[in-house]
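Close look at the chain arrangement
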Amino acid sequence: MSQDGSHRLLPRSPLTKAAALFLCYWLAWKAAAVFEVQPHVSALYLSAGLSTAVGMIGGWRYLPAAFLAICVVRQLDMPGPLLDDIDWGGALRQVLVYGGTGLLLRRRWLAMPARLTLADALHFVLLAFAATSVSAAATLFIPPFDRLPASELGAVFLSFWGGDFAGLLLGLPAIVLGWNRLHRRTAGGRRDDTPTAPLHGIRSSAGLIGLALGVSLLSLLPPQLTQSEAKLGILVLFPVLLAGLMRGVLMGYLVATLVCAIQILAGRLLGLPVDGVLDLQLVLAMSAATALLAGAAHDDKHFEWQHANFDLLTGLANRHRFQDQLEHELQRAARSGQPMALMYIDLDGFKAVNDRLGHHAGDMLLQQVAGRLRACVRETDTVARLGGDEFAIILPDLKELSITDRIGHTLLERLQQPFDIDGDTAHISASIGVAVWPRDGRTPTELIHHADRAMYEAKRLGRNRLAHHARIATPPPAGAATQAAGA
Ligand SMILES: Nc1nc2c(ncn2[C@@H]2O[C@H](COP(=O)(O)OP(=O)(O)OP(=O)(O)O)[C@@H](O)[C@H]2O)c(=O)[nH]1
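Looking up the protein in an unreviewed UniProt entry gives the name Diguanylate cyclase domain-containing protein, with the organism given as Thauera mechernichensis.

This is the structure in C-alpha cells:
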C-alpha cells in the first residue's frame, strides 16, 4: 500500500475497485469518442494512459480489475453478440505493457513531491517511448495484424505507436497532476506552491490561450495555404512551448490540450485521410511531451526561486528575502522621504503548544499565525518568518507614525484569539518591537537591531505588548554616574 497514504482515496473491496475502474475507463472511452478520427481508436489511446495511471497509483493489485474493466467497456462499445467480439488480446496487451509501465514508475511517483520535476518528466517521457514501442511491436504479432503484408507493417506500427504515445503523454500526466492536487493537498502534505511567481497572472494566461487558439485555428485554413500538416504541427508547438516555459506544467497542459482538441476537431471537419491522422498523432504526442518537459523545467526554476525566497511552511518571505525587501524599501523611503516602520514579532508561549500538542500542531499554528499577520496589513507590506516563532513586518509609506500603534494593537488582539488546531484549542500571544525610519535608524542593520531590542523590551515588561524603540528608557552611558558623583 502507498507510503503517502494515497490508499485513503482508493477503493478497497474488489467490487468497488472494479466498479470505479469500469467508470474511469467508460468515461475516458466516451470522452475520447467525441474527438474520434477513426472509430474506436482514440479511446484505446486514452486507456493506455489510464492503465499506466492504474499501475502507478493503485499498484499491481488493481491490474486484474483494470483488465476486466477494459474488456467490459470495449464489449459495450461493439455491436454484435455478447462475448463474441471481445478483444482479450488487446486488453491484455494494454494491461501488461501499460499497467507494467505504471508499476515501473510507481516507486518514483511515491517519492515525488506535489509537483513534477524535470528529471521525473524526462524519465517518464523516455519510459513512455520505450513502452509504446514495445506495445506497438507486440501488436504486429497479434491477429489480425500478424497476417498483414510486410509493406503495411510500418504504417500499422506507426499508427499504434503514435496513438499510444500521444494517449500516454496526454492522459497520464493529467491524471497524476490532478491526483496530486486532489490528494496530496487534502492529506495535509506540505504545499510547495504557496508564493506566486511574478509571471503568474491572468493577463499572461489569456495571452497564451489566445495565441494557442490563433495558431490552432490555422489548421482550418485550406491545405493550399498551410501547405502541409507537418509545418502546421511545428507551428502549434510554439504556444505549447511558450506556455510550459512561462507558466509551468499545468498551463502547458491546458494549452496542449486546447491545441490538440482543435487539431482533432479540425481533422474531423476536414475529413483527414489516414496519413493526416498519423501526422496528427505525432503532433499530439509532441505537444504533450513539449508541455511536460518545458513545464517541468519552469516548475523546477520556480521551485528553486521559492526555496531561496520563501519559508515553505508558511509561504511568507524568508530571512533572505526580508533583507532584500528591507534594503529596497529603505532606498525607496530615502527617495520619497516617507517614513517606514519595521516590526519584530516573537510569539509568547509557543513552546508550550509544541510540548502539549506536538510539533505538527506547532507547525499548523505557525501557518495560522502567518495568515493572521497577512490579514492585518496591506498587500504591499512585507511579512516574513525569520525562523522558529519569530516574524517581521516591513510597513513602508507611513502617512503618520501612529499607524504603527494601530497595526501593532490589532496584531496583538488577533494573535491572542484562540487557534483551532485539528479540534484542539491553543492560546498564545506576541511581543512586538517597533523601529521607525529615519527616527530609530537609517541603515538596515540599525533598524533590525533596534526593532529586535524593542521586542526584547516588550518581553521584559511582561509579554503580550508593543514596545517602540524610541520609547525605551535608555540607560545612561557607562561612566556618566561616576562623573556626576565626582563633580
Ligand atoms: N512546530 C515548530 N516548532 C518550531 C519551529 N521552529 C522552532 N520551533 C520551536 O519553537 C520554540 C521557540 O522557543 P521559544 O521562543 O523559547 O518559545 P516561547 O514559548 O514562545 O518562549 P518565549 O519566546 O520566551 O515567550 C522552540 O521550542 C523550537 O523548538 C518550527 O518550524 N515548527
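Here the narrative resumes, following the displayed structure.
Here we take up the packing of aromatic side chains. The full count for this structure, using the stated rule, is five aromatic pairs. Residue placement shows Arg372 over the ring face of Phe419; its charged tip is 3.6 Å from the ring centre.

A word on the sheet that holds strand β3 (residues 390-395). Spatial ordering of the open sheet is given by β2-β3-β1-β6-β7, a layout of five strands whose pairing is mixed. Each edge of the sheet is formed by a strand with only one pairing partner; in this case those strands are β2 (382-387) and β7 (465-468). Going across the sheet, the axis of each strand differs from the next one's by a mean of 20 degrees, ignoring polarity. Note: strand β1 (residues 340-348) against β3, six bridges, orientation antiparallel.

Under the UniProt annotation, "transmembrane region" (unreviewed entry) lies at residues 43-73, 116-142, 154-179, 200-220 and 232-265. In residues 116-142, helix accounts for 81% and strand for 0%; the two terminal C-alpha atoms are 36 Å from one another. Along residues 154-179 the backbone is 100% helical and 0% strand, and the end-to-end C-alpha distance reaches 36 Å.

A separate point is a nonpolar patch on the surface. On the surface, a nonpolar cluster with roughly 470 Å² of combined accessible area is contributed by Leu23, Trp26, Leu27, Val72 and Leu76. Contributions of two or more residues to the nonpolar patch are made by α1 (14-34) and α3 (63-77). Top contributing element to the nonpolar patch by residue count: α1, with three residues.

Once that is clear, we can look at the site of the ligand. Of all residues adjacent to the ligand, which total 16 residues, the nearest are Leu347, Asn354, Asp363, Arg385 and Arg463. At 3.1 Å from a nitrogen atom of the ligand is found a main-chain nitrogen or oxygen belonging to His359. Taking Lys459, its side chain carries an N or O atom lying 3.0 Å from an oxygen atom of the ligand. Protein chains bury 67% of the 660 Å² of accessible surface belonging to the ligand in isolation. Taken together, the elements giving at least two residues each to the shell around the ligand come down to β1, α13 (350-357) and α14 (359-376). Ranked by the residues each element gives to the shell around the ligand, the list is headed by α14, at four residues. A breakdown of the residues in the shell around the ligand according to their chemical character gives three nonpolar, five polar and eight charged.

This brings us to the pattern of salt bridges. In this structure the tally under the stated criterion is 13 salt bridges. One salt bridge in this structure joins Arg471 and Asp405, with 3.3 Å as the shortest N-O distance. Pair noted here: Arg471 is in the loop between β7 and α17 (480-486) and Asp405 is in helix α15 (residues 402-416), with a separation of 66 residues, a long-range link. Counted as one network, the salt bridges with shared partners bring together Asp346, Asp348, Lys459 and Arg463.

A few words on the side chain of Ser429. Position of Ser429 relative to the elements: it lies in strand β6 (residues 429-437). If we skip the residues at most four places from it in the chain, Ser429 touches Asp346, Leu347, Asp348, Leu415, Gln416 and Asn464.

On to the nonpolar core, then. Most often, soluble globular proteins have nonpolar side chains that are buried together. Tyr25, Leu169 and Leu292 are the most contacted members of the largest nonpolar core, which totals 70 residues. Ranked by residues supplied to this core, first place goes to helix α6 (residues 150-186) with twelve residues. Excluding residues within four positions of it along the chain, Leu169 makes contact with Phe124, Val125, Ala128, Tyr253, Ala285, Ala288, Ala289 and Leu292.

Basis of the calculations
- Residues numbered from 1 in each chain as written.
- Predicted model: local features only at pLDDT ≥ 70, side-chain atom pairs only at ≥ 80, totals over all residues.
- Heavy atoms only, no water.
- Phe/Tyr/Trp six-rings, centres within 6.5 Å; stacked < 30°, edge-to-face > 60°.
- Lys NZ or Arg CZ within 6 Å of the ring centre and 35° of its normal.
- Pairing = 2+ DSSP bridges.
- Helix = DSSP H or I, 4+ residues; strand = E, 2+ residues; numbered from the N terminus.
- Axes fitted to C-alpha atoms, helices over the stretch in contact; angles between N-to-C directions.
- UniProt positions renumbered as here; feature names shortened; annotations may be inferred.
- Patch = residues over 30% accessible without salt bridge, like charges linked within 9 Å, V, L, I, M, F, W, Y side chains within 5 Å.
- Areas by Shrake-Rupley, 256 points an atom, 1.4 Å probe, with all protein chains shown as cover.
- Salt bridge = Lys/Arg side-chain N within 4 Å of Asp/Glu carboxyl O.
- Near = heavy atom within 4 Å.
- Polar contact = N/O pair within 3.5 Å; in protein donor to acceptor, adjacent residues only side chain to side chain.
- Nonpolar A, V, L, I, M, F, W, Y, C, P; charged D, E, K, R; others polar.
- Contact = heavy atoms within 4.5 Å.
- Core = buried A, V, L, I, M, F, W, Y, C linked by side-chain atoms within 4.5 Å.
- Buried < 20%, exposed > 50% of the residue type's maximum accessible area, 1.4 Å probe, protein only.

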